[in-house]
Amino acid sequence: MDKFDTTQKNLYHEYMVKTRYLEEPIREDLRGKMVMIGGPRQVGKTTLSRDIIAGKGFSSFRYYTWDSKEDRKAILDEALSDSDIIILDEIHKYEKWKPLVKGIYDKKLKNQQIIVTGSARLNVYRRGGDSLQGRYHYYRLHPFSAMELENRSPHIEPMKPLSFSGEIPQKQLDSLLTYGGFPEPILNQSPKQLRRWHNDRIERMVKEDIRDISSINDIGNIQLLVDMLPSKVASLLSINTIREDLEVSHRSISHWIATLEELYYAYRIYPYQNNRIRALKKEPKLFLWDWSEVVDPGARFENMVAGHLLKTVHYLRDTEGFKTELFYLRDKEKREVDFLVTVDNTPWF
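Residues numbered from 1 in each chain as written. Predicted model: local features only at pLDDT ≥ 70, side-chain atom pairs only at ≥ 80, totals over all residues. Heavy atoms only, no water.

A. Spatial organisation of the overall build of the chain. For the chain, the helix and strand inventory stands at 14 helices and 10 strands. A total of 349 residues make up the chain; the buried ones form 50% of that total. Counting contacts in the chain only where the partners sit at least 6 residues apart, residues at least 24 apart contribute 66% of the total. (Helix = DSSP H or I, 4+ residues; strand = E, 2+ residues; numbered from the N terminus. Buried < 20%, exposed > 50% of the residue type's maximum accessible area, 1.4 Å probe, protein only. Contact = heavy atoms within 4.5 Å.)

Structure (structure tokens):
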């Protein structure tokens, strides 16, 4: 392992004791409903779940993961523990997971609580199948941001002027920009470990996660697409250009990028227009959940800002129910504002 210098050791200690920003809202929601936590692979979902359990003082809990043969059998048989709280991890890999979870929830003991976590979007029930409506609250866990590293929880009221108190230390910003906000790289503070972490995370996503949630067979071209996307960050995303480079159909590229969004690898930001249908036909900008993959320093910085804004938008939607969204703005003269945050489709800032 690379040796830490004094600054890195201090940062490591600071990050190890962080309380994740969703801990309290999730504890509160567990009193009434099941909680689902989605987010990228290795963003800290399982750790967050276990911290919630430890902090609330449950007398017993049981962790089940779909990746374990023994746990899979128990889940399918609905032969689950009568512990105070149950964690179901990666259950979305099972094609019929929604009705299965619905059955588990409906048959649970009176005061038993359930957390479901996964590295793909878990609120896909809206697209069809058995509805879990009314049985759960859904949260998207983001990587660390500057405010979270400082253990600061800003009070934000949608459509009210933003206010800021105090500055973020330069070391925090430099660390975030270099290593991204995922726990392991920012804890290690090691360029070598970051490179190895990138390779392992992407390989597992391409060879395991994509196979588990989709029918995509062209893994070779998916890998090429993933290798290509960091260079497309912060610029208009042209499906046609990528299609020509990979020599596959427009439909395939669209499907692959949508799958990468399902797995919290990338996300698109669309231009703001009052007519939503017209806006969706225009080219979006693409960003990565892990901005440390982006080589170009300007694009990486813009991606880090996008990540912070998206985290705020998702936090306000997931915890408070506000219909907040993130866009970019471009006029007829092609003058551009990088980001625009809206509430109920009305510009806020």
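B. View of the sheet that holds strand 10 (residues 346–347). In space, the 5 strands of this open sheet follow the order 7-6-8-9-10, with mixed pairing throughout. In the strand order of this sheet, the two ends are held by strand 7 (285–288) and strand 10, each with one partner. Relative to strand 8 (residues 324–330), strand 6 (residues 266–271) runs parallel, the two being bridged by 2 bridges. Bridge pairing in strand 8 links Tyr-270 to Phe-327. Its contacts with the sheet place helix 14 (residues 297–320) against strand 6, strand 7, strand 8 and strand 9 (336–343), and it is angled at close to 140° to strand 8. (Pairing = 2+ DSSP bridges. Axes fitted to C-alpha atoms, helices over the stretch in contact; angles between N-to-C directions.)

C. Region of interest: the sheet that holds strand 5 (residues 136–140). With parallel pairing, 5 strands are arranged side by side in an open sheet as 2-3-4-1-5. Either end of the sheet is taken by a strand with one partner, and the two such strands are strand 2 (61–65) and strand 5. On average, each strand axis in the sheet is inclined to that of its neighbour by 15°, with strand direction left out of account. Bridging between strand 1 (residues 34–38) and strand 5 involves 5 bridges; their strand directions are parallel. Note that in strand 5 the partner of Ile-37 across the bridge is Tyr-139. Helix 5 (residues 97–106) rests against strand 1, strand 3 (85–89) and strand 4 (113–118) of the sheet, and its axis sits at about 145° to strand 1.

D. Seen up close, the packing of aromatic side chains. One pass over the full model with this rule turns up 9 aromatic pairs. On the basis of an interplanar angle of 25° and a centroid distance of 5.9 Å, the ring pair of Tyr-267 and Phe-287 is categorised as stacked. Of this pair, Tyr-267 sits in strand 6 while Phe-287 is found in strand 7, placing the two residues 20 residues apart along the sequence. Centroid distance Phe-287 to Phe-339: 5.8 Å. Interplanar angle 45°. Geometry classified as tilted. With Phe-287 in strand 7 and Phe-339 in strand 9, this pair connects stretches of sequence that are 52 residues apart. Assessed through its relative accessible area of 1%, Phe-287 is described here as buried. Among the aromatic residues, those joined into a cluster by ring pairs are Tyr-264, Tyr-267, Phe-287, Trp-289 and Phe-339. The ring of Tyr-63 has Arg-50 lying over it, and the distance from NZ or CZ to the ring centre is 4.6 Å. (Phe/Tyr/Trp six-rings, centres within 6.5 Å; stacked < 30°, edge-to-face > 60°. Lys NZ or Arg CZ within 6 Å of the ring centre and 35° of its normal.)

E. Local environment of the environment of Ile-52. Inspection of the secondary structure puts Ile-52 in helix 3 (residues 45–56). In this structure Ile-52 comes out as buried when scored by relative accessible area, which is 0%. It is 9.6 Å that separates the C-alpha atoms of Ile-52 and Arg-20, two residues lying 32 residues apart in sequence.

F. View of unusual backbone geometry. Notably, Glu-90 is not glycine yet its phi reads approximately 60°, a positive angle. Among the structural elements, Glu-90 can be located in the loop between strand 3 and helix 5. Relative accessible area serves as the criterion here: at 7%, Glu-90 is assigned to the buried category. Backbone geometry at Asn-345 places phi at a positive 65°, although glycine is not the residue there. Mapped onto the elements, Asn-345 comes out in the loop between strand 9 and strand 10.

G. Just the side chain of Ser-49, in detail. For Ser-49, the location among the structural elements is in helix 3. Those residues in contact with Ser-49 that sit more than four places away from it in its chain are Ile-37, Ile-87, Ile-115 and Thr-117.

H. Seen up close, the packing of helix 11 (residues 239–246) against helix 12 (residues 250–262). Where helix 11 contacts helix 12, the axes come no closer than 9 Å and their chain directions differ by 110°. With respect to their mutual orientation, helix 11 and helix 12 come out roughly perpendicular. Residue-level contacts link Ile-239, Asn-240, Ile-242, Arg-243 and Leu-246 of helix 11 to His-250, Ile-253, Ser-254, Trp-256 and Ile-257 of helix 12. Split into classes, the residues belonging to the contact of helix 11 with helix 12 amount to 6 nonpolar, 3 polar and 1 charged. (Parallel < 35°, antiparallel > 145°, perpendicular 65-115°, else oblique. Nonpolar A, V, L, I, M, F, W, Y, C, P; charged D, E, K, R; others polar.)

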